[in-house]
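# An overview of the molecular structure
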Amino acid sequence: MSVSMSTTEHHTVPPEIVSTVFYSATVSESLAILVAETIGGTQRLTWGNESALRLLGYGIEDLRVLPVGRLFPTLGGGELKLLLRRERAARMTLPVRTASGADLEAVVVTTPSPGGRMWTVRLLSTANEQERALRATADAHERRFSALTERSPVPTLLSEQGMRLAHVNDAFCSLVGRRAEQLLGTGWIDTIHEDDLDGVIERVAAALEGDEVEIQARLVRDDGTVRTTVIRFAHLFSPGVGAGFVGTIEDITDRLAFEARLAHQANHDPLTGLPNRTLLAQYVAARFVSGTSGLACLFLDLDNFKVVNDSLGHTAGDELLVEVADRLRATVRPGDLVARFGGDEFVVVCEDVDEDAAVTLAGRVSDALAQPMRLGGVDVRPYASVGVTVQTAEHVMAEELIRDCDIAMYQAKAGGKGRVTVLDQQARAEAREKLRLVAELRDAIEGCEISLYYQPIFGTQDGAPVAVESLARWNHRERGAISPATFVPLAEESGLITGLGLLVLEETCRQIADWDHLLGPAAPPRANVNVSALQLDDNLPAQVAAALERHGLDPSRISVEITESALMKDPDSARAVLQQLRDLGVELAIDDFGTGYSSLAYLRHLPVDCLKVDRSFVAELADGHAEIASAVIALAGNLGLRTVAEGVETVEQAEELARLGATYLQGFSLAPPMTGGRTAAWFAARSGEER
Amino acid sequence: MTVTPFPGSDTRVAPVPVFDIEKVLASIETMAAQRPVAAQIVSVANSDDTSAKALARILASDVALASRVMKLANSAYFGMRGRVTSLQFAVTVVGFTTVRTMATVALTNLDDESRLPENFWDVTTSLALAASSLAPRFGERPQESLCLGLLAQMGAALLHHNDPVGYGEILASEPTYRGRRSAETRRYGINGLRLTSVALEQWGFPVSLTTPLKEIDDDRSMDGALLRAAFEVAARLTVEDYEDEPIVRLTCGRLREDDVVPVLDQVRADAAELRRAMLGETAASDDPSGNPEEWTP
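Everything numeric here is computed off the predicted structure, so don't read it as measured data.

To continue, consider the overall build of chain B. Summing up its helical and strand segments, chain B has 16 helices and 0 strands in all. Buried positions account for 51% of the 297 residues belonging to chain B. In chain B, of all internal contacts separated by at least 6 residues, the share reaching a separation of at least 24 is 68%.

This is how it looks when you write it as structure tokens:
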């Protein structure tokens, strides 16, 4: 404390003033203190400390003649009274005039002594105050901050109060295509999409209360275009002022568009741009309400698409698909969905239609497709078979609707190409029945419910049994015995044939080994195993070899029977497989010979040992028609092949076939199919008779 | 820094005011005693460690004042569309200076129109909104400028209250604000704006708020220019047959007439709502934000 008293003896400072000075909380070395008194109606300065004299540049004597008003030139008229109040302290920020005539900005605080005729006057020069430095620092901070955001490429908002903005940067202005002055205050609210505004205000409220939040919101540009953005709000607190926020904006419009494109690609066929199967399923599922009606599906399959692809090439095929897609889009009603189901299959989904309307639409679609189009220099009419299904109370699941129109399409195709068919209830019931049966067949194969029966085959000359044919039997728990004529095609259609074929092969080999063990030389010399066309691939020889090896059998104990039609599906590859089997040492027979259309020239080159004469030709013998059976047997003889006549029912037929030269006979009257155990007993008995 | 010749030792006797200005100031303090909550807010709101929570707690004991703050926070001016349902959040939204300004208005009975010069609030809301809209052009904070506009005429109201007849004569004889200020100085020894600044300084309002009040008649002062422009806008909107003053001259070239057009529209649009919030009037539509029963804690 260095408040020195430069008083004169004539003007002593009253003790109360001294105490005010000394005990004032804010006294410091730099504090300038003056004393003013009312003398003769005007206020004059009567004392000042050294700081005050130094600050003002007056000597104490000069000061003492100075009216107070001279120090404060901006206080005109009666305003001095507001500074030197009789009963209360006062505080003003105003210029103080120094001896040199210069003005000094200062905070002036006056305190009256009791009686109201004398005041201490404290001068705080703001020029030297730390406060000013702090303010300058704060200003510099703010300038740096605004310079930073101003040049930032990130669109940035700075709030003033509530939703009101104090500052926006250039990046935000160009994002919304407006000038800063249009955006400050509440102007920027106009750029927020009306539907997103509530959410934005909610987030601002959260940010003002201290949270960091973000929201996806659309901003409407001045030109009316819309940008989708993520706005992130951070809390901002200014002491003494209140809360605000900083908002940064990320424009995600392009990213969303890209994502949408990806999503579109995932759900659409790239060739035709139509929705794909995935989207079709979602679309139908979204509209399907069980127990209602009104949804209809059209399933289209191009007739002869494969011909176009094979003859004119895949490019032409693609061109055809695109044209079909365009025609479909142009023909359906607005709001109908056209989807590419796969390959040359298309599905149209309509809402709020009855069967008549759906059939009318299907007809219109057929007509539109039947218009010729030029493809690779050829006029092509892309006829389609169309299956139609309208939703009924029986449809429980959305996918049943599409499945049913798929069935209807197959009916259409079966009825001749280029037709429209509405799914009839019987076909539907049949299809469902089939589905159930497939599931049960799968269980049967896995659960070994398929058992094998064996039917002996006899030599024509000596009547001795030379082999057995393995026949699969399905004994259904509820339906009883199911014919192979039913379940074998079913297995072929549903991809179960491989499993079934392997089961038959394996079980037959096991059974032969078992017979060998039981009967020794009296065991059946050979077993014929039927192989489906679909099994006739490169895996078959290895599967056969493995089964034989597992049961320690010679390859000659097995004969593989293949239908004629199976051989004709892919003759070259069939021949290769047969050759491999033949090399293995397995005998080969062609089943149902004469029912297919195999060329005789081709037959000559097949490595087979035996032809089986179809039972239909054998049956004709009874009617006196021996021509075909005779021809087949003669043909086989000429090619050096043996023959088995199937379905021999009578002694007369047997004799006739022997006369025609058939090598072997097989038939219910000769010996019925029997279980493995019974077959063993049968062979044992035969062996006993011969001995 | 202005350098003027050293004044002689002669003492020019100031014209004797016709009444004691100090009594006017003293009367404010008497009023303050009647509104202790508002007085408390005025005294704490400028401290750096004030929080919205603390302010809201004090504010809650003056329901009339609190409901005005709520109403203002939900007004179009702050763009919050009725989202403000708690007093603390209302304080956050409008800002501490605004709360303080509203407390000052209550404290000085500016919300009692029967004691005010005619047209007082029409002019004041226009002045406040104009100052707020123009603030960015002058590098000022709009919020603070809004408060400046709301409080500027406090001195004039006090003069009118203490000398209704004499002040009425000034109003009648002086159509312009500048002329009125000169007349006030002649009659009272101080003009209304300076009286406002003295009172605000006394209560510790920031210098940035008081300087424009002191420098309005210094045509070279940028600090005074914003307030001059705001008065010009208010006059154009509220004074009949007003003769425009060129805005370029009033603002040291900072504004052109084109800049004023959108401000006139903006002020016209928001004035009524601001007035309702400041005076606690209820609009024709029922406004839940004014009802304390509806607030969340």
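Now that the structure has been shown, we can carry on.
Note on sheets: strands pair through backbone hydrogen bonds, and any given pair is parallel or antiparallel. All names here are of chain A. What the 5 strands build is an open sheet, ordered 2-1-5-4-3; its pairing is antiparallel. A single partner strand is all that each edge strand has here, and the edge strands are strand 2 (42-48) and strand 3 (90-97). Within the sheet, the average angular offset between the axes of one strand and its neighbour, ignoring direction, is 35°. Both strand 4 (residues 103-112) and strand 5 (residues 118-125) contribute to a ladder of 7 bridges, which runs antiparallel. Counterpart to P112 in the pairing with strand 5 is W119.

Turning next to the interface of chain B and chain A. At the interface, 48 residues of chain B touch 40 residues of chain A. Among the elements of the structure, helix 1 (21-34), helix 5 (87-94), helix 6 (96-107), helix 8 (142-152), helix 11 (177-188), helix 12 (192-202) and helix 13 (207-215) of chain B are those that each provide at least two residues to the side of chain B that touches chain A. Of the residues assigned to the side of chain B that touches chain A, the class counts are 24 nonpolar, 17 polar and 7 charged.

Our focus in this paragraph is the pairing of strand 13 (residues 345-350) of chain A. In the case of a regular strand, side chains alternate between the two sheet surfaces. All names here are of chain A. For strand 13, a buried count of 5 out of 6 residues is recorded, marking the element as mostly surrounded by other parts of the structure. Across 6 bridges, the pairing between strand 11 (residues 296-302) and strand 13 is antiparallel. Within strand 13, the residue paired with L298 across the bridge is V348. Where strand 12 (residues 337-342) folds back onto strand 13 in an antiparallel hairpin, the turn is made up of 2 residues, including G343, whose phi is positive at roughly 45°.

This next bit is on the sheet that holds strand 7 (residues 164-168) of chain A. Residue and element names in this part refer to chain A. Read from one edge to the other, the open sheet built from 5 strands follows the order 7-6-10-9-8, with strand pairing classed as antiparallel. Across the chains shown, the open sheet's two edge strands, defined by having one partner strand only, are strand 7 and strand 8 (213-220). Across the sheet, the mean angle separating the axes of adjacent strands is 35° when strand polarity is ignored.

Time to look at the environment of A90 of chain A. Turning to its location among the elements, A90 of chain A is positioned in strand 3. Take A90 of chain A: there are 21 C-beta atoms within 10 Å of it, and that puts it in the buried class. Placed 19 residues apart in sequence, A90 of chain A and V109 of chain A show a C-alpha to C-alpha distance of 5.6 Å. Residue contacts for A90 of chain A: discarding those within four places in its chain leaves L82, L83, R85 and T110 of chain A together with Q202 of chain B.

What follows covers the environment of R381 of chain A. Residue and element names in this part refer to chain A. Its location among the elements puts R381 in the loop between strand 15 (378-380) and strand 16 (384-390). In sequence terms R381 and L320 are 61 residues apart; their C-alpha atoms lie 9.7 Å from each other. In this view, R381 contacts A370 and P372; residues no more than four positions away in its chain are not counted.

Counting residues in each nonpolar core, the largest one holds 146 residues, and the members touching the most others are L59, V69, A131 and A230 of chain B. When residues in this core are grouped by element, the largest group, 10 residues, is from helix 14 (residues 222-238) of chain B. Leaving out residues up to four positions away in the same chain, A131 of chain B has contacts with S145, L146, L148, G149, L226, L227 and A230 of chain B. Core analysis: the second largest hydrophobic core is formed by 68 residues, W474, L490, L540 and V644 of chain A among them.

Turning next to helix 9 (residues 154-162) of chain B. With 8 of its 9 residues buried, helix 9 of chain B lies for the most part within the structure. Of the surrounding elements, those touching the buried residues of helix 9 of chain B are helix 1, helix 7 (120-134), helix 8, helix 10 (164-173), helix 11 and helix 12 of chain B.

Calculation notes
The residue count restarts for each chain, going from 1 along the sequence in the order it is written. Chains carry letters and ligands carry numbers; both start at the beginning, A for chains and 1 for ligands, and go up in the order they are written. Restriction of local features to residues with pLDDT of at least 70 applies here, the model being predicted, together with a cutoff of 80 or more for giving and counting side-chain atom pairs; totals for whole chains, interfaces and linings are based on all residues. Only DSSP runs of H or I reaching four residues or more are called helices, and only runs of E reaching two or more are called strands; each is numbered from the N terminus. For the exposure call, what matters is how many other C-beta atoms sit within 10 Å of a residue's own: 20 or more marks it buried, 12 or fewer exposed, and in between partly exposed, using C-beta atoms placed from the backbone. Two residues qualify as a contact pair if the distance between their C-beta atoms, derived from the backbone, is within 7 Å. Whether two strands pair depends on DSSP finding at least two bridges between them. To get an axis, a line is fitted to the C-alpha atoms, and for a helix only the part in contact is used. The angle between two axes follows their N-to-C directions and goes from 0 to 180 degrees. Under the scheme applied, nonpolar residues are Ala, Val, Leu, Ile, Met, Phe, Trp, Tyr, Cys and Pro; charged residues are Asp, Glu, Lys and Arg; polar residues are all the others, including Gly. Each nonpolar core reported here comprises buried Ala, Val, Leu, Ile, Met, Phe, Trp, Tyr and Cys residues connected via C-beta atoms within 7 Å.

So far we have only geometry, and geometry alone does not tell us how the molecule works.
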